[in-house]
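The lines below spell out each chain.
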Amino acid sequence: MGILTVHLDRITNLADEDHIGNSDPYVKFELEQDNLFVDKDFGEMVSTKKKDEQNPVYGEDFHFNIPTLNNMELTVKVMDDDVGFDEKLGKCKIKLEDLDLSSEPIEIEKKVDNNLFSPDAYIYLKISYTEE
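Here is a short report on the structure shown in this document. Bear in mind that the values here come from a model prediction, so they are computed numbers and not experimental data. (Residues numbered from 1 in each chain as written. Predicted model: local features only at pLDDT ≥ 70, side-chain atom pairs only at ≥ 80, totals over all residues. Heavy atoms only, no water.)

The phi dihedral of Asp52 falls on the positive side, at around 50 degrees, and the residue is not glycine. Residues other than glycine seldom take positive phi values, yet Asp100 does so here, at roughly 55 degrees. Structurally, Asp100 is set in the loop between β6 (87-95) and β7 (106-113). Taking the relative accessible area as the measure of exposure, Asp100 reaches 69% and is therefore exposed. (Helix = DSSP H or I, 4+ residues; strand = E, 2+ residues; numbered from the N terminus. Buried < 20%, exposed > 50% of the residue type's maximum accessible area, 1.4 Å probe, protein only.)

Right, here's the structure in full:
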């Protein structure tokens, strides 16, 4: 067993999907093992919500207990907290076994949204894995 630590630093250049006011972004992390027949879910975690913010700064840590990095995939969804239902502002997937993770965090910069008329949106993470 080991502990996967995901540090959510910040997001830049989120598109404003709200027609009234600005977006209220938060991040949802979903971790699963992508197996040949049946995927195994290792849970999801959610950040705090940032009101009226296109470049939110979080500084939050999330910890997942996992048996291995083999076939593990972290899905990162950037959502907009709305009345009724929440909109997706962006998304990316990270294959953890490809990262050569250790207890020393590595910095990850991933595009979460392609913006046509403004700079693309990026999420900035630090990820580490410590075996118990």
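Right, let's talk about the sheet that holds β6 for a bit. Taken in spatial order, the 4 strands make up an open sheet running β3-β2-β5-β6, and their pairing is antiparallel. Because the sheet does not close on itself, it has two edges, and the strands there are β3 (40-46) and β6. Taking the axes of each pair of neighbouring strands and ignoring which way they run, one obtains an average angle of 15 degrees across the sheet. As paired elements, strand β5 (residues 72-80) and β6 share 8 bridges and run antiparallel to each other. Residue pairing across strands places Val78 opposite Gly90, the latter belonging to β6. (Pairing = 2+ DSSP bridges. Axes fitted to C-alpha atoms, helices over the stretch in contact; angles between N-to-C directions.)

This part is about the environment of Ile11. Within the secondary structure layout, Ile11 lies in strand β1 (residues 2-12). Look at Ile11 and you get buried, because its relative accessible area is 1%. Linking Ile11 and Asn22, residues 11 residues apart in sequence, is a C-alpha distance of 15 Å. Apart from residues lying up to four places away in sequence, Ile11 is in contact with Val27, Gln54, Asn55, Pro56, Tyr58, Val78, Tyr122 and Ile123. (Contact = heavy atoms within 4.5 Å.)

Under the defined criterion, the tally for this structure stands at 1 aromatic pair. Pairing Phe29 with Phe62 gives two aromatic rings, centres 5.0 Å apart and planes at 50 degrees, and the pair type is tilted. Placement of the pair is Phe29 in strand β2 (residues 25-33) and Phe62 in strand β4 (residues 57-66), with a sequence separation of 33 residues. Each member of the pair, Phe29 as well as Phe62, is classed as buried. (Phe/Tyr/Trp six-rings, centres within 6.5 Å; stacked < 30°, edge-to-face > 60°.)

This part takes up the side chain of Asp24. When you line up the elements, Asp24 lands in the loop between β1 and β2. One buried charged side chain, Asp24, makes no salt bridge at all; its nearest oppositely charged neighbour is Lys51, positioned 4.0 Å away. Beyond its immediate chain neighbours, meaning those up to four positions away, Asp24 contacts Lys50, Lys51, Asp52, Met79, Asp80 and Asp81. (Lys, Arg positive; Asp, Glu negative; His and termini not counted. Salt bridge = Lys/Arg side-chain N within 4 Å of Asp/Glu carboxyl O.)

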